[in-house]
Amino acid sequence: MVSVADEHETGTVFSARADARARGGKVADAMPYVPASSTPFPPPGVAPEALTWAETVAGGGYTHKVVARGTRVRLADVTGEACAHVLVYNAMEPWERLNVADTVKIPWQAYLGAGHPLLSGDGRVLATVTADDTGRHDALCGTSTAKANRARYGDSAPQGPSPSGRELFTLAAAKHGLAPRDLPPSVSFFQGVLVGADGGLTFAGSAGPGKSVELLAELPLIILIANVPHPADPRPRYTCGPLRVHAWRARPTSPADPRWAATPEANRYYLNTADYAAARGI
Amino acid sequence: MTVVTDAAGRTPACPLDLRLVLDPDQYAAGTALVLAGPLADGDVLLDEVVPARAPWSAVVAAGDVLTIVDVGANQSADCLLYSADDTAERYSVPDTIAWGGNVYVRTGTVLRSNEGNPLATVIANEVDRQDTIGGACGKESNTLRYGHHTAAEHGCRENFLAQAAAYGMGARDLVSNLNWFMNVPVEADGTLGIVDGISGPGKRVAFRAEMDILVLVSNCPQMNNPCNDFNPTPLRMIVTEGAA
């Protein structure tokens, strides 16, 4: 049997260097596309040269990025099995971050969909869900923990076959100087949960392959994404498909957009956010 | 001088003059104040009345029980829990909901941490359901909900920040919370909101600490929604020693 080591000539620094360099230019199923314009999967209607982030994240994988105010981030569920757990932070003051309670309370709506804000606890909107063709998302159940995944799948470690969302978030956060205390409850996209009359939860799952949601960064954001099974997903096998992430420069919500004043609450969170941005000079 | 006692002859501690704090004339007309006792047997280790609008905190040792009394009826007690040994491990709304399979908190609900570990278990509850999805009010979120003219009003986020600071914590340590005695129904289409309460004078909830926990409470000062019936009233906090 041929081992992997047998395929490489790495006995000297010169041969090791040549061997390492021979790996460049290969393509994997899950990888970032750099520059972003080189993505094989540009979103329809977006000029590839406008892209600032292009990546495929494997099931069980994670990614993170700092994006400018006015960036549109499109998440696409290739197979209908992705579950994009998302945390967003004000990149300038990261203690301002996603607050799931305000995110459902202020719009008077538990279910995320087009037009829904991702609010901080500071009276501002960090991102707006600007497009959604699934209606299957969740702001109640958060992501998975080591304890849950060990009990459920036997392992939770990032290097294992069934990573937990919290452990992946811990790594993604650390790359921006953030610690576990900087990980509040998250939202997730592409796997829905419904609340019954008695408060009981029903897992509604996915709306199928090829669906997408779009987020608009209303402030400069640190975005953390963990693509792992939803904690209420009843399937015994760790099931999670690839997630496509594409982002491009656009403009934040302004008075020209109908959503700016769609509700009294929306009007005030856009006003507060614009007020903050103006004072910061961004 | 009059001394205020409960039915068992006990006088709770209070940072303000208890006679004033329990004087019905301090509150909306018709307010009844009921100083109910603990929901668990055992020696009383701590017994305090939290004045309207004030924060409160205490460490509750593993096995001990905290009873919270809704003295004046429908007074939201916004509540956060932390592992006393490592406050990076703290109450988690989503873990509590996902493990329990229900958005409402009732007797038997395990209040879980962000690591999925039990921080406390609700062992007795005199209200049909307790809230954990409505979050906390605050000066900034009040501007979204009610208008910028409410920005000067004190909120639970401010109470939490003030109390957290005493333990070396700050904004990074505030997460979504429990709201004892607050009523947040979720309609079939996902519409949710704070509506009239379903508690009453002297109704109680009690939870047993499953590890040593730091409990932060904001006695909600909100005056723009029915989370405290537009009438902030006191809470009573009683810690009883668990069975050995």
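For the structure, check the block above.
Here is what the cut-offs are and how they apply
- Residues numbered from 1 in each chain as written.
- Chains lettered and ligands numbered in written order.
- Predicted model: local features only at pLDDT ≥ 70, side-chain atom pairs only at ≥ 80, totals over all residues.
- Heavy atoms only, no water.
- Core = buried A, V, L, I, M, F, W, Y, C linked by side-chain atoms within 4.5 Å.
- Buried < 20%, exposed > 50% of the residue type's maximum accessible area, 1.4 Å probe, protein only.
- Helix = DSSP H or I, 4+ residues; strand = E, 2+ residues; numbered from the N terminus.
- Contact = heavy atoms within 4.5 Å.
- Buried area = accessible area lost by both parts, 1.4 Å probe.
- Salt bridge = Lys/Arg side-chain N within 4 Å of Asp/Glu carboxyl O.
- Polar contact = N/O pair within 3.5 Å; in protein donor to acceptor, adjacent residues only side chain to side chain.
- Nonpolar A, V, L, I, M, F, W, Y, C, P; charged D, E, K, R; others polar.
- Phe/Tyr/Trp six-rings, centres within 6.5 Å; stacked < 30°, edge-to-face > 60°.
- Lys NZ or Arg CZ within 6 Å of the ring centre and 35° of its normal.
- Pairing = 2+ DSSP bridges.
- Axes fitted to C-alpha atoms, helices over the stretch in contact; angles between N-to-C directions.

### Some thoughts on the nonpolar core
In this structure, L75 and F189 of chain A together with L81, W180 and F207 of chain B are the most contacted members of the largest nonpolar core, which totals 108 residues. It is strand 12 (residues 221-227) of chain A that contributes the most residues to this core, six residues altogether. In contact with L81 of chain B, other than residues within four places in its own chain, are R90, Y91, L111, L119, A120, L178, F207, I213, L214 and V215 of chain B. With 11 residues, the next largest nonpolar core counts V21, Y27, L35 and A52 of chain B among its residues.

### Considering the interface of chain A and chain B
Across the contact, 41 residues belong to chain A and 48 residues belong to chain B. Interface area for chain A against chain B, summed over the two sides, is near 3700 Å², with a carbon-plus-sulfur share of 55%. Where chain A meets chain B, there are four salt bridges. Here E115 of chain B and R166 of chain A are joined by a salt bridge, their closest N and O atoms 3.5 Å apart. At the junction of chain A with chain B, the criterion picks out 22 residue pairs in polar contact (both at pLDDT 80 or more). For the side of chain A that touches chain B, the secondary structure elements donating two or more residues are helix 2 (100-105), helix 3 (146-153) and helix 5 (264-280) of chain A. In terms of residue class, the side of chain A that touches chain B is built from 20 nonpolar, 10 polar and 11 charged.

### A few points about unusual backbone geometry
Following V34 of chain A, the chain continues into P35 of chain A via a peptide bond in cis, with omega recorded as 0 degrees. Along the chain, P35 of chain A falls in the loop between helix 1 (13-21) and strand 1 (51-57). Non-glycine residue F190 of chain A carries a positive phi angle of around 90 degrees. Relative to the assigned elements, F190 of chain A resides in the loop between strand 8 (187-189) and strand 9 (192-195). Among the residues examined, F190 of chain A registers a relative accessible area of 1% and is labelled buried. Phi at R53 of chain B takes a positive value of approximately 75 degrees, unusual for a residue other than glycine. Its relative accessible area of 45% is what places R53 of chain B among the partly exposed residues.

### Side note on the packing of aromatic side chains
All names here are of chain A. Under the defined criterion, the tally for this structure stands at five aromatic pairs over all chains. Aromatic pair Y153 and Y238: ring centres 5.1 Å apart, planes at 85 degrees, arrangement edge-to-face. Note that Y153 is positioned in helix 3 and Y238 in the loop between strand 12 and strand 13 (243-249), a separation of 85 residues in sequence. The pair formed by Y153 and Y238 is uniform in burial state, with each residue classed as buried. Put simply, the rings of W260, Y269 and Y270 pair up and form one aromatic cluster. Directly above the ring of F41 sits R244, whose terminal nitrogen or CZ lies 3.4 Å from the centroid.

### Digging into the sheet that holds strand 1 (residues 44-50) of chain B
Residues and elements named next belong to chain B. Taken in spatial order, the six strands of this open sheet run 1-10-3-8-6-5, and their pairing is antiparallel. Of all the strands in the sheet, just strand 1 and strand 5 (110-112) have a single pairing partner and so form its edges. The average undirected angle you get between the axes of adjacent strands in this sheet is 20 degrees. Of the pairings in the sheet, the one linking strand 5 to strand 6 (residues 118-125) comprises three bridges and is antiparallel in character. Each bridged residue has a counterpart across the sheet, and for V110 the counterpart in strand 6 is T121.

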